[in-house]
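Fold and contact review
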Amino acid sequence: MPTSFTVVPVKDGARKAKKGEEEDVDDNNVLKEEDVATGDGVPKENSPFINNTDNDKGNNMALFEDEIEINPMVSSLLNKLANYTNLTQGAQEHEEADNDEGPKKKEVKSPQMGTFMGVYLPCLQNILGVILFLRLTWIVGTAGILESLAIVGLCCSCTMLTAISMSAIATNGVVPAGGSYYMISRSLGPEFGGAVGLCFYLGTTFAGSMYILGTIEILLTYIVPKAAIFVAEKKEDEVNALLNNMRVYGTCCLALMSVVVFVGVKYVNKLALVFLACVILSILAIYAGVIKTIFEPPDFPVCMLGNRTLQNQNFDSCLKTEIIDNVTVTTQLWKLFCDGPELNATCNDYFLLNNVTEVQGIPGLRSRVISENMWSVYGPLGKLVDDTKLDSVDGGDSAQDKYLPYVVNDITTFFTLMVGIYFPSVTGIMAGSNRSGDLRDAQKSIPIGTILAIATTSFIYVTCVVLFGACIEGVLLRDKFGDAVKGNLVIGTLSWPSPWVIVIGSIFSCCGAGLQSLTGAPRLLQAIARDGIVPFLQVFGHGKANGEPTWALLLTAGICEIGILIASLDAVAPILSMFFLMCYLFVNLACALQTLLRTPNWRPRFKYYHWALSFLGMSLCLALMFICSWYYAIVAMAIATCIYKYIEYRGAEKEWGDGIRGLSLNAARYALIRLEEAPPHTKNWRPQLLVLLNLDSDQGVKHPRLLSLTTQLKAGKGLTIVGNVLEGTYLTKDAEARKAEQNIKSAMSEERTKGFCHVVVSSNLRDGVSHLIQSAGLGGMKHNTVLMAWPGTWRQANDPQSWKNFIETVRESTAANHALLVAKNVDSFPANLDRLGEGTIDVWWVVHDGGMLMLLPFLLRQHKVWRKCKMRIFTVAQMDDNSIQMKKDLQMFLYHLRLNAEVEVVEMVRLCMLEYITDESRNSIRRKNQGAAPSTTRSRPSSTAEDTQEDEVAQLIHDRNTASHATINDKAEAGPDRVHMTWTKDKLFMERNRNRECNANVAVRDLFNMKPNQSNVRRMHTAVKMNEVVVNKSQGAQLVLLNMPGPPRNRGGDENYMEFLEVLLEGLNRVLMVRGGGREVITIYS
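Here goes a summary of the coordinates provided. All figures in this text were calculated on a predicted structure; none of them were measured in a lab. (Residues numbered from 1 in each chain as written. Predicted model: local features only at pLDDT ≥ 70, side-chain atom pairs only at ≥ 80, totals over all residues. Heavy atoms only, no water.)

1. Thoughts on the pattern of salt bridges
Heads up, the rule is: The rule for a salt bridge is simple: a side-chain nitrogen of Lys or Arg has to be within 4 Å of a carboxyl oxygen of Asp or Glu. Think of it this way: any DSSP run of H or I at least four residues long counts as a helix, any run of E at least two long counts as a strand, and we number them from the N terminus. Each residue is assigned to one of three classes by its accessible area relative to the maximum for its type, calculated with a 1.4 Å probe on protein chains only: buried under 20%, partly exposed between the two thresholds, exposed over 50%.
A complete count under the given rule lists 20 salt bridges for this structure. Notably, a salt bridge pairs K389 with D387, separated by 2.5 Å at the nearest N-O pair. In this structure, the salt-bridge partner of D734 is R738, at a minimum N-O distance of 3.8 Å. Of the two residues, D734 and R738 both sit in helix α25 (residues 730-750), 4 residues apart, roughly one turn of that helix. Assessed through its relative accessible area of 51%, R738 is described here as exposed. One network of salt bridges, with partners in common, ties together R135, E217, D410, K480 and D570.

Below is the structure:
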């Protein structure tokens, strides 16, 4: 139902009635400058409030005055839309486009072409052509009337369904000049658009080859056969001679047409009506000839020897002998079958045994020949064209028949070949849409004109099939080149008043169609090149000063030459059929897709479409491709697929609001809803990563190798979200957030990391990371693993918030049941282009984490970087464990997991930490503690021995920790008293007293019997001993994976936790610490 709009003027005072409204608008519907200044032609009052020139626009809309600069008023918008126009095609388009660069744009005249001149006649000219005049009679004679009608019905139904889909697309908004390529690319996206556009370009180019070959065939066969350069001395060489002549003359004709297109394309467009007139006159001549056969059939006798058709070119009379002056003499026909003109000469046996008869080639509508032409007569190459209703006596050597003047099949005929040869005669339905820039109302003209043109041509083809079969003898129909009627064009023998009407009309039709193909194909290629979706074609977007596609014309001529070198019209026709069918298939797909997706912008004015019709047309196109030629269909689809993949990986990214994106959105929504139903099974579990990146002050990525590790771990599979947090508020940091997102995407592209980028602006880093961990992802596509880098400079950082944020991230990942991967020395990790040689990936499996430590090395070794590395698994045995049995059990476990790895069990003996304190160390510690305050000793008289031992332990751990990190802190060289002490004696006493029972006289507790979170001394000892073992075994490994201890429950020990991890990782180059997510991620079951 149409929507009504009412424009209500806002008055700012009493206004006088406006006189002469038409004076306010010029010829182009553009308001004059003075009218814009005054608004309605009435002089403004001299008031600073009303006549304010500084803020003139929107002075009546003060409420919206702040938005005028970015959001124009409705009147301004409508004014621009009213003056919108499409650039017309051809030289005029390029000239006007070039003038756009000048100081003042050249005014474009609005298009004036209507439905009849702009769509209907161009479609008629492109659809009716060479196949109608040169091959339709042969198709009817070979396939029979019934199968010919089936062929015509299939092909015309395909184009009619395609036209319905095209009409829906063409009426869904303004169609700029560009036609089918524009419609497909904007409906299906740049990948499909580029692939189908290039296929359409190749089809148009090979169509030019077909028209040129048709021109040369008419010229050499029916007009000037003596102009042939290659003349066959033997009958079996006639085919090769004809092909060579086609190649030579076709190349010359192509060069001539290319020059014409290069020099004067405007004259080609002006001659289009002349060529169309020739086609229409030829068709009228055919119908006039059919009507004439009712009263007076034309005299075109066909000479038959027995039931075999003879080539009537080298003899005048269809007689073996004739009587001249009462003397029996042999005829020229006799000399063709005998070795001399004598009556007693040796002749061909079949010639002697059978009589020569003449049959009327065109008996007329009343002859009832239609019943004989109903059925197909297919045959192999070299099969004689015969009439089975005539008597024939077999005799002679059939192998010699190919040297005798019989009419034979020049190719093997079958139904699918007929379809491939005929289909080009129904192409050309895009001619109207290609002229969309010239149409007064494209949305109205394209559907009406195209569908009427297809209906008209379908009627012409159906009636021609029936009338040819009803008027022409079958043997003459199967005579492709008219050899039986002295080399006349078969369809010309039926026409009235003369066969030359068809000959002249057909050669003009072929010339015009060839010129149109050479004009349209380069512009189509230029449009694709200027879109920038195929990088290597960009050179073909340039041309002459006026924009003529010179380079594209050269490439088109080169490809067209390939078709001419094939030289056979019957071989070229199926090639271009493939490319046109591919184009039509995707037009139907575009319409069906848009209809099923119900995108908000899909509102075509043409209402007589349905997705089922589009789907039927798409299926019919695909079926016809394989019916015509299955191997050509595979080649065409392979070419389109290669172009698609090339544009996908190398082409420029374009966002055209295409249907494929809408299909992807619907598919993603459906998949997300399905994923939401249940968590993934263990067999389907893979790390879905949330990568926490750090940026520098310029919003650049600090650790790009973290993205490299992501790529190597994921290999493009599963979900990857790269996140970052900016401190501040979004209103002030939006520009920085966009810059950071762009930089991260660039880094992801360089590292070939496929995934999504998510930049969050938060008041502090701690909350921002928490938001990412909680809310990143959507539905079932949420991350299950967090990947981050180890904060290597946490000691040097003046702000302790850096390592506190790290520990909080560990806690929140654990609380969210996410796995955690922490990479130390991530900048030393290999890049994606590196190839590690012999080496190992060492896994230290201390506690069970759900199998993450087993799964990660397997995933890494799928990538080329780590493929040559071997996997080693180390596990730790306690005093009560049987290390031999543990090794056997672990090997069996790995066997069931289908993992190849070396297994080693490391025994860590539970020794008292005090045993590692030598006498020299004890004396050194005692000397350092001699200056301790006496009050401390007096306050604990009952625990002097205990305190002395624990002092020694704490001081030894502190000294080892200080020595191990002396290279990090430059101040360590000055002595222990100048080092920042994380673990001190006082902290030991505080920790001990916090957990001590009320009775102060309790004996010294065994440090190793305390809970882990109650004894930092024990944790430090474990870290030291574990580090010694790992460094001893895995210092030369390419990568070390080990369990990451959990943070303390009491946040007061966070700094100690960082020290423990630092000691644990000391001396190792590449380390990946792993914490499981609380679920099994690997299974032994299939």
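Alright, that's what it looks like, and here's the rest.
2. A short note on the state of the cysteines
The test is simple: Only a pair of cysteine sulfur atoms within 2.5 Å counts as a disulfide in this structure description.
A complete count under the given rule lists 2 disulfides for this structure. Across the disulfide, C303 is cross-linked to C318 (sulfur-sulfur distance 1.9 Å). With the S-S bond torsion at 75 degrees, the cross-link from C303 to C318 turns out right-handed. A residue pair is termed long-range when its members are at least 10 positions apart, and C303 in strand β1 (residues 301-305) and C318 in the loop between β2 (308-309) and β3 (321-324) qualify at 15 residues. Put simply, C338 and C347 are joined by a disulfide, and their sulfur atoms are 1.6 Å apart. Note on the C338 and C347 pair: the S-S dihedral is about 105 degrees, so by sign convention the disulfide is right-handed. Side by side, C338 and C347 carry an identical accessibility label, which is buried. Ordinal numbering of bonded cysteines along the chain defines a disulfide pattern of 1-2, 3-4. Looking at C155, it has no disulfide partner, and the nearest cysteine sulfur is the one in C628, 6.6 Å off.

3. Remarks on the sheet that holds β1
What counts, and what does not: Here, strands pair whenever DSSP counts at least two bridges between them.
Read from one edge to the other, the open sheet built from 3 strands follows the order β2-β1-β5, with strand pairing classed as antiparallel. Two strands in the sheet have a free side with no partner beyond their single neighbour: β2 and β5 (356-360). Judged from the 2 bridges that link them, β1 and β2 form a sheet pairing that is antiparallel. Bridge assignment links L305 to a residue of β2, and that residue is R308.

4. What about the sheet that holds strand β6 (residues 689-692)?
Going by this rule: Interaxial angle, 0 to 180 degrees, is taken between N-to-C directions of lines fitted to C-alpha atoms, where a helix line uses only the stretch in contact. Residue contacts are counted whenever heavy atoms from the two residues lie within 4.5 Å of one another.
Strand order in the open sheet made by the 10 strands is β8-β7-β6-β9-β10-β15-β14-β11-β12-β13, with mixed pairing throughout. This sheet does not close on itself; its edge strands, each paired only once, are β8 (756-762) and β13 (902-907). Between one strand and the next, the sheet's axes are offset by a mean angle of 20 degrees, whatever the strand orientation. Where strand β12 (residues 869-877) and β13 come together, 6 bridges link them in parallel fashion. Note on β13: the bridge partner recorded for R872 is E902. Seen against the sheet, helix α29 (residues 883-896) touches β11 (839-845), β12 and β13 and runs at an angle of roughly 150 degrees to β13. The strands touched by helix α34 (residues 1016-1034) are β11, β12, β13 and β14 (1039-1043); relative to β11, the strand with the most contacts, the crossing angle is about 155 degrees.

5. A word on the environment of E1066
Assignment of secondary structure puts E1066 in the loop between α35 (1054-1064) and β15 (1071-1075). The spatial distance from the C-alpha of E1066 to the C-alpha of N1027 is 6.9 Å, given a sequence separation of 39 residues.

6. Quick word on helix α15 (residues 442-471)
The criterion, for reference: Given a helix with a known number of residues, its expected span is that number minus one, times 1.5 Å.
Counted at 1.5 Å a residue, the expected span for α15 with its 30 residues is 44 Å, and the 42 Å between its end C-alpha atoms agrees. Counting buried positions along α15 yields 21 of 30 residues, so the element is predominantly enclosed.

7. Points about the nonpolar core
The nonpolar side chains of a soluble globular protein tend to be buried with one another. Put simply, the test is: Put simply, a nonpolar core is a bunch of buried Ala, Val, Leu, Ile, Met, Phe, Trp, Tyr and Cys residues held in one set by side-chain atoms that sit within 4.5 Å of each other.
Counting 160 residues, the largest nonpolar core has Y422 and F468 as its most contacted members. The element that contributes the greatest number of residues to this core is helix α7 (residues 179-223), accounting for 22 residues. Not counting residues up to four positions away in its chain, the partners in contact with F468 are L136, T137, V140, I286, L477, I491 and L494. Within the second largest apolar cluster, 54 residues are counted, among which are L693, V722, A819 and L897.

8. A closer look at a nonpolar patch on the surface
This is how it is decided: Patch membership requires more than 30% relative accessible area and the absence of a salt bridge. Residues of like charge join within 9 Å; the nonpolar side chains Val, Leu, Ile, Met, Phe, Trp and Tyr join within 5 Å. Only the protein chains shown count as cover for residues, and all accessible areas are computed by the Shrake-Rupley method using a 1.4 Å probe.
On the surface, L622, F626, W630, Y631, I634 and M637 cluster together to form a nonpolar patch covering roughly 590 Å² of accessible area. When residues of the nonpolar patch are traced back to their parent elements, those giving at least two are α21 (611-628) and α22 (630-650). Per-element tally for the nonpolar patch: the top contributor is α22, with 4 residues. The exposure class assigned to L622 is partly exposed, which follows from its relative accessible area of 36%.

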